[in-house]
Amino acid sequence: MCGIVGYVGKRNAVSVLLDGLQKLEYRGYDSSGIAVIEQAQIVVEKSEGKLANLRDKIKDMTLESGIGIGHTRWATHGRPSDANAHPHTSQNGKFAVVHNGIVENYLALKEKYLAGDHFTSETDTEVVAHLLEKFYNGNFAETVIKVLDVLEGAYSLVMICADEPDKMIACRKDSPMVLGVGEGESFIASDVSALLAYTRSCMYIEEGELCILTQDGITIKNHALQLVEKEIHTITWDAEAAEKGGFEHFMLKEIFEQPEAFKRTLSGRLHGNQVHFDEFSLTAEEINQWQKIYIVACGTAYHAGLVGKQVIEKLARIPVEVEIASEFRYRDPMMDEHTLVIVISQSGETADTVAALREAKMHHCKVLAITNVVGSAIAREADYVIYIWAGPEISVASTKAYTTMLIAEYLLGVYLAQQKEMANLDERAAILEGLQQLPEVSAKLLTESYLAEVQRAAERYGMAENIFFIGRGMDWAIALEGSLKLKEISYIHAEAYAAGELKHGTLALVTEKTPVIAICVQKSTYDKTASNVKEVKARDAKVLAIINEGDTQTAKFVDQTMEIPKINNFVIPVLAVIPLQLISYYIAKIRGCEIDQPRNLAKSVTVE
Ligand code: F6R
């Protein structure tokens, strides 16, 4: 999510850091900062906003140092500001830290080890700097190990210490980082694109390894501080490919980032069979005063809301209506202090959704936002916020934001039921177990052979002029998302229908020239959907069915099947939409479309 750069060597670290941070700018960020060691003192400079602000701030300074760390921030804990920007320092100013990820137990660590400390930011990261000071025994590497032993969560960390000014130490857990090997210099970055101007020799860091960088080279040690041998790889990507992590498009990269994003969305929110949000808490009394919930959003976020309706109604038994934001605000909806309005928005800035939020507030409703962007208009103006922590989404077609929105909705549904002390304990526990399996199961789904299967389907259906998506219940909700994805990036006319509705009109359009993608993973509606699939087959349509692993029936009456691995059936939409994202991607590719920036569309829609 954030960008990290570190340098030690003969050059002036400041220009290497600024240059590296510039290369990470494509990820989008809200503040940046650097820390260097000058005459055994750590000097930190940081600034809210674009990197240009930091450059401006330091342009007349004579910062000269051969060692430093830099950071571009994508806010998670604490809004974008100078104070919350990284690097963060210890109270005595002897340690500086940059961090990517989330330290889940930072509040508990503050209480246990750092009571009485003065903190200058709202971040989880500052705790790490304070702990380094607290645990320091005259040996930087040993101290880092002690700090790592008490941290929970996902992180990449790069740290410097004024008392040992020749080295920097880095480590990672569930968060990427790569080392750059130079002649008389060493580099580290969250992303290889920040290194390419200096070196193409790199080493990859495994979880639990400690990397000690000096100008004489990089030493890697394990938890017991024993030496680990590493292979040096040569990077052959050009700068553009490096930005995309070697993927051809940001969309594909972001599809592949989903397992990591799922981990972040769940991070710190599951405690046994309980859901907890750091951001807010609600009592049964507060929840019970809401007689109705509106979910309001646009586009993909609206489609996420359609799943959210089913989740909240089933788990918390509160009636939910889902509305398109641009419709909602102009139709005088019935709402008051007994209505909760949930707004969903990746960017947190979509004009129609912001307007709907304001309309709801005017009617004295409480507003809960589900968003990706800390400090966005929607996050600032809502009463409660659930961040999806998907990380920056650059492709216009939303993928990882959609699936993490779904996860946020499952967490919310379970949370509302739990706070209301509803009796569905076992059902909630099974859903939470399913959610926890999502990172691993989704990673297994994204294999070479699965991609080959999707590409075969794309070749088969990619030249059609019209494609229908069908499904029932939650399968229909993700069919809608699949059809939006396909039309927006491949420009094929695609529509999604509730499978049972076809025979009320649309079936007239189905011929051998209209392929149908049927989502058949919801067990409760399987038999009925299967009958509808047979109806389209009888009209000679080619059918690709998305099915559950172990389903031996469907393949007998459709043309191609793609399996979704076994997981709790209620959370399966999070996985079942992935082949739909992929098939849209590969069809668009076959048709030579501008995948990351489809015609006529923009990532953040700030006009009504
Ligand atoms: C489609 C897509 C759009 C957005 C919509 C709302 O792939 O990305 O439909 O979902 O413009 O945007 P946010 O979520 O930023 O409010």
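Everything numeric in this text was worked out from a predicted model, so none of it was measured. (Residues numbered from 1 in each chain as written. Predicted model: local features only at pLDDT ≥ 70, side-chain atom pairs only at ≥ 80, totals over all residues. Heavy atoms only, no water.)

## Thoughts on the overall build of the protein
Put simply, the test is: Where helices and strands are cited, they refer to DSSP runs of H or I of at least four residues and of E of at least two residues respectively, numbered from the N terminus. Here the radius of gyration uses the C-alpha set of atoms, whereas the globule reference equals 2.2 Å times the residue count to the power 0.38. We call two residues contacting when some pair of their heavy atoms lies within 4.5 Å. Surface accessibility follows the Shrake-Rupley procedure with a 1.4 Å probe radius. Residue values consider only the protein chains on display as shielding.
Check the secondary structure of the protein and you find 19 helices and 26 strands. Computed over the C-alpha atoms, the radius of gyration of the protein is 25 Å, within 12% of the 25 Å expected from 2.2 N^0.38 for a compact globule of 608 residues. In terms of overall dimensions, the protein has C-alpha extents of about 80 × 55 × 45 Å along its principal axes. In the protein, 72% of the contacts between residues at least 6 apart in sequence involve partners at least 24 apart. In the structure as shown, the protein presents an accessible area of about 23400 Å², 48% of it carried by carbon and sulfur atoms.

## Overview of the nonpolar core
Side chains of nonpolar character tend, in soluble globular proteins, to be buried together. The following threshold applies: As used here, the term nonpolar core means buried Ala, Val, Leu, Ile, Met, Phe, Trp, Tyr and Cys residues forming a set that is joined through side-chain atoms within 4.5 Å. The classification of residues rests on relative accessible area computed with a 1.4 Å probe and restricted to protein chains. Under 20% of the type maximum is buried, over 50% is exposed, and intermediate values are partly exposed.
Core analysis: the largest hydrophobic core is formed by 102 residues, its most contacted members being I342, Y410, L435 and L582. Residue contributions to this core peak at 13 residues, all from helix α14 (residues 400–419). Setting aside anything within four residues of it in sequence, one finds L435 in contact with L266, I407, Y410, L411 and V571. The next biggest cluster of nonpolar side chains, apart from the first, holds 29 residues, and it includes L109, A129, Y155 and C171.

## Some words on the sheet that holds strand β8 (residues 168–173)
Worth spelling out the cut-off: When DSSP finds two or more bridges between two strands, those strands count as paired.
Taken in spatial order, the six strands line up as β5-β6-β7-β8-β12-β13 in an open sheet, and their pairing is antiparallel. Across the chains shown, the open sheet's two edge strands, defined by having one partner strand only, are β5 (88–89) and β13 (217–221). Bridge analysis of strand β12 (residues 210–214) against β13 gives five bridges, and the strand direction is antiparallel. Considered in β13, the bridge of I212 is made with T219.

## Description of the sheet that holds strand β23 (residues 493–498)
Backbone-to-backbone hydrogen bonds join strands into a sheet, with any given pair of strands oriented parallel or antiparallel. Inclusion rule: Axis lines are fitted through C-alpha atoms, for helices just across the contact stretch, and the angle between N-to-C directions can take any value from 0 to 180 degrees.
Taken in spatial order, the five strands make up an open sheet running β23-β22-β24-β25-β26, and their pairing is parallel. Looking along the sheet, the strands with just one partner apiece sit at the ends: β23 and β26 (560–564). Geometrically, the sheet is characterised by an average inter-axis angle of 20 degrees between neighbouring strands, direction not taken into account. Here six bridges tie strand β22 (residues 466–471) to β23, and the two strands are oriented parallel to one another. Note that in β23 the partner of N466 across the bridge is H493.

## Re the site of the ligand
Here is the rule we go by: Here, proximity means that at least one heavy atom of the residue falls within 4 Å of the molecule or strand. Here a polar contact means two N or O atoms within 3.5 Å. Within protein one must be a hydrogen donor candidate and the other an acceptor candidate, and residues neighboring in sequence count only if both atoms are side-chain atoms. Following the grouping adopted for this structure description, the nonpolar residues are Ala, Val, Leu, Ile, Met, Phe, Trp, Tyr, Cys and Pro, the charged ones are Asp, Glu, Lys and Arg, and the polar ones are all others, Gly among them.
Close contacts around the ligand come from 14 residues, with S345, Q346, S347, T350 and E488 the closest. The separation between an oxygen atom of the ligand and a polar side-chain atom of S347 is 2.7 Å. One nitrogen or oxygen atom from the side chain of T350 is found 2.5 Å from an oxygen atom belonging to the ligand. Coverage of the ligand by the protein chains reaches 89% of its 400 Å² of free accessible surface. Going through the elements one at a time, α10 (299–316) and α17 (474–490) are the ones with two or more residues in the shell around the ligand. Considering only residue class, the shell around the ligand consists of five nonpolar, seven polar and two charged.

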